[in-house]
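Fold and geometry: a report
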Amino acid sequence: MKIDLTDTTSSKINKALVQGRRAIGTPAVGMVLTLVIVTDEENAYDALKSANEASREHPSRTLVVIKRVSRSPRNRTTSRLDAEIRVGADASTGETIILRLYGEIVDHAQSVVLPLLLPDAPVVAWWPVNGPLDPAKDPLGALAQRRVTDTYAGEQPIKELAERAASYTPGDTDLAWTRITPWRSMLAAALDQVVCQVTSVEVEGEEFNPSCELLAMWLAERLQVPVARKASPGPGLTGVRMETDCGPIVLDRADGALATLSIEGQPKRAVALKRRETAELIAEELRRLDPDDTYAAALRFGVERLDEHEVPRVADAPDAPHRAEGHKDAPVKRTTKATAAKKGAK
């Protein structure tokens, strides 16, 4: 069921929601959270489609906030709120409210959203594109316990990573980090199978891909070893090679779907490591609403260190554990295409 409201208010939207639920015979709907999607008209359809698919696992009230830019200066001073309400089969397992803001109300979107939040339920804010550099200080981000951005959609993703590190607040997260969850799990499982000292790591992937940078920072922060960053045609992450005193451990994914895990002394294994859709990424983020300390530690390691040839270690004790929990001064190396070519020539 769809209900269209033109030049409306938050109070009228709430009344229309109640009437819509009664009309379809479900006055009480069990929803576990409110998902606020802040986007533009161009990306609203894809974002809402992903949210609806994720709502099968996490029934929620989805508020899509679209800030419309008025064409004439006169219209920019005239505030208007249009809403489209979807309940029942048109809203998957929850409720959907699409809010289009015009005029001066664009700068006060939080006053429209606040009365529409589910009472006593957590709030998650998601910016599919054009996420704020400091989500916690954004008026809509301040309403949420979790704030999800995607640096991969930014014009300068690596620069944005550095700025997000400077403004990080517990509850912030990034879909670029969510994309590497299977990689982190697979690499951790591979290290659990051997008793070896990791001496260096090389991460291979698309240039200027924030997921590659985050994986490199996570490995450097956790292992305290040199981490090289090597560019490849992609798609996304294509491989990780860990040198150990027992031989190399290699996780290679050339086609974006199936990877090969190679451990010295063991047969090669094919592992499923496909690139996931946005709906799967959002569903994963909605499973946990507490701060992600591992993401915070990797982010705060500093993306600028991946641009340095080598960063001095805090300690070079020979008995330092090869899976340290968190020194941030591990050495990191970056391998550019030119450097790789020189090594190949040798």
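Up top you'll find the structure we're talking about.
Figured I'd write up the structure that's included with this text. Each chain has its residues counted from 1, following the order in which its sequence is written. Residue-level local features of this predicted model are given only where pLDDT is at least 70; pairs of side-chain atoms are given and counted only at 80 or more, and the full residue set underlies all totals for whole chains, interfaces and linings. Each side-chain value is worked out from all heavy atoms of the structure, with water and hydrogens disregarded.

Some words on the state of the cysteines
Rules: Cysteine sulfur atoms are paired as a disulfide whenever they fall within 2.5 Å. Secondary structure elements follow DSSP: runs of H or I of four or more residues count as helices, runs of E of two or more count as strands, with numbering from the N terminus.
Enumeration over the complete set of coordinates arrives at one disulfide. Shown here is the disulfide that connects C196 with C246, its sulfur atoms set 2.1 Å apart. Negative torsions about the S-S bond denote left-handed disulfides, and the value of about -115° found for C196 with C246 makes this one left-handed. You can see C196 sitting in the loop between α7 (181–192) and β9 (198–205) and its partner C246 sitting in the loop between β11 (237–244) and β12 (249–252), a full 50 residues away along the chain.

Focus: the layout of surface pockets
If a probe as big as a water molecule is rolled over the atoms, it shows which places are left empty. Short version of the rule: Every definition here rests on a 1 Å grid over the protein atoms only: cavities are sets of points where a 1.4 Å probe fits but cannot get out, pockets are open sets enclosed by protein on both sides within 12 Å along at least five of seven lines, and lining residues have some atom within 4 Å of a point. Grid points are joined across faces, edges and corners, and a volume is the space filled by probe spheres set on the points. All amino acids are sorted into three groups, where Ala, Val, Leu, Ile, Met, Phe, Trp, Tyr, Cys and Pro are nonpolar, Asp, Glu, Lys and Arg are charged, and the leftover types, Gly among them, are polar. Segmentation of the chain into domains, including their bounds, is taken from an automatic or database domain assignment.
Volume-wise, the largest pocket comes out at about 650 Å³. Surrounding the largest pocket, 31 residues form its lining, R179, R276, E277, T278 and L281 being those nearest its centre. Among the elements of the structure, α2 (41–54), α7, α8 (210–223) and α9 (278–286) are those that each provide at least two residues to the lining of the largest pocket. Considering every element that reaches the lining of the largest pocket, the biggest residue donor is α2, with six residues. A breakdown of the residues in the lining of the largest pocket according to their chemical character gives 15 nonpolar, six polar and ten charged. Taken together, domain 1 (1–148) and domain 2 (175–306) each give at least three residues to the lining of the largest pocket, which thus spans both.

Some points on the packing of aromatic side chains
Convention followed: Between 30 and 60 degrees the pair is tilted, below 30 it is stacked and above 60 it is edge-to-face, where a pair is any two Phe, Tyr or Trp rings, Trp via its six-membered ring, whose centres lie within 6.5 Å. The buried label goes to any residue with under 20% of its type's maximum accessible area, the exposed label to any with over 50%, and the partly exposed label to all in between, with areas taken from a 1.4 Å probe on protein chains only. Should the NZ of a Lys or the CZ of an Arg lie within 6 Å of a ring centre and within 35 degrees of the ring normal, that charge is described as sitting over the ring.
All told, the structure shown has two aromatic pairs when counted by the stated rule. A ring pair is formed by Y168 and Y295, whose centres lie 6.0 Å apart and whose planes are at 65°; its orientation type is edge-to-face. Taken together, the residues span a long stretch of sequence, with Y168 in the loop between α5 (157–166) and β8 (172–174) and Y295 in helix α10 (residues 293–301) at a distance of 127 residues. Side by side, Y168 and Y295 carry an identical accessibility label, which is buried. Relative to Y295, the ring of W177 has its centre 5.6 Å away and its plane inclined at 55°; by these criteria the two rings are tilted. Of the two residues, W177 is situated in helix α6 (residues 175–178) and Y295 in helix α10; the sequence distance between them amounts to 118 residues. Considered together, W177 and Y295 belong to a single accessibility category, that of buried residues. If you follow R80 out to its NZ or CZ, it ends over the ring of Y102, 4.2 Å from the centre. For R184, the ring lying beneath its charged end belongs to W218, and the centroid distance is 5.7 Å.

Thoughts on the pairing of strand β3 (residues 60–67)
Formally: Strand pairing is defined by DSSP finding a minimum of two bridges between the two strands.
Burial analysis of β3 places seven of its eight residues in the buried class, the great majority of the element. Relative to β3, strand β2 (residues 33–39) runs parallel, the two being bridged by seven bridges. Residue pairing for β3: V36 is matched across the bridge by L63. Inspection of the sheet shows β3 paired to strand β5 (residues 95–102) by seven bridges, in the parallel sense. In the sheet register, V65 faces β5, and the bridge partner there is L99.

Details of the pattern of salt bridges
Stated formally: Counted as salt bridges are all cases of a side-chain nitrogen of Lys or Arg within 4 Å of a carboxyl oxygen of Asp or Glu.
For the structure on display, the rule yields 19 salt bridges. Linking D82 and R80 is a salt bridge whose minimum nitrogen-to-oxygen distance equals 2.8 Å. By relative accessible area, D82 is classed as buried at 13%. Accessibility expressed as a relative area gives 29% for R80, which makes it partly exposed. A salt bridge links E84 to R86, with the shortest nitrogen-to-oxygen separation between them at 2.7 Å. No difference in accessibility class separates E84 from R86, as the two residues are buried. One salt-bridge network, in which partners are shared between bridges, spans R21, R61 and E95.

Considering the sheet that holds strand β7 (residues 146–149)
Note the threshold: Axis lines are fitted to C-alpha atoms, over the contacting stretch for helices. Their N-to-C directions set the angle, which ranges from 0 to 180 degrees.
Taken in spatial order, the eight strands line up as β1-β4-β5-β3-β2-β6-β7-β8 in an open sheet, and their pairing is mixed. Looking at which strands have only one partner, the edges of the open sheet turn out to be β1 (2–5) and β8. Strand-to-strand, the axes of this sheet are offset by a mean angle of 15°, without reference to chain direction. Sheet topology note: the β7/β8 ladder contains three bridges and is parallel. Each bridged residue has a counterpart across the sheet, and for R147 the counterpart in β8 is D172.

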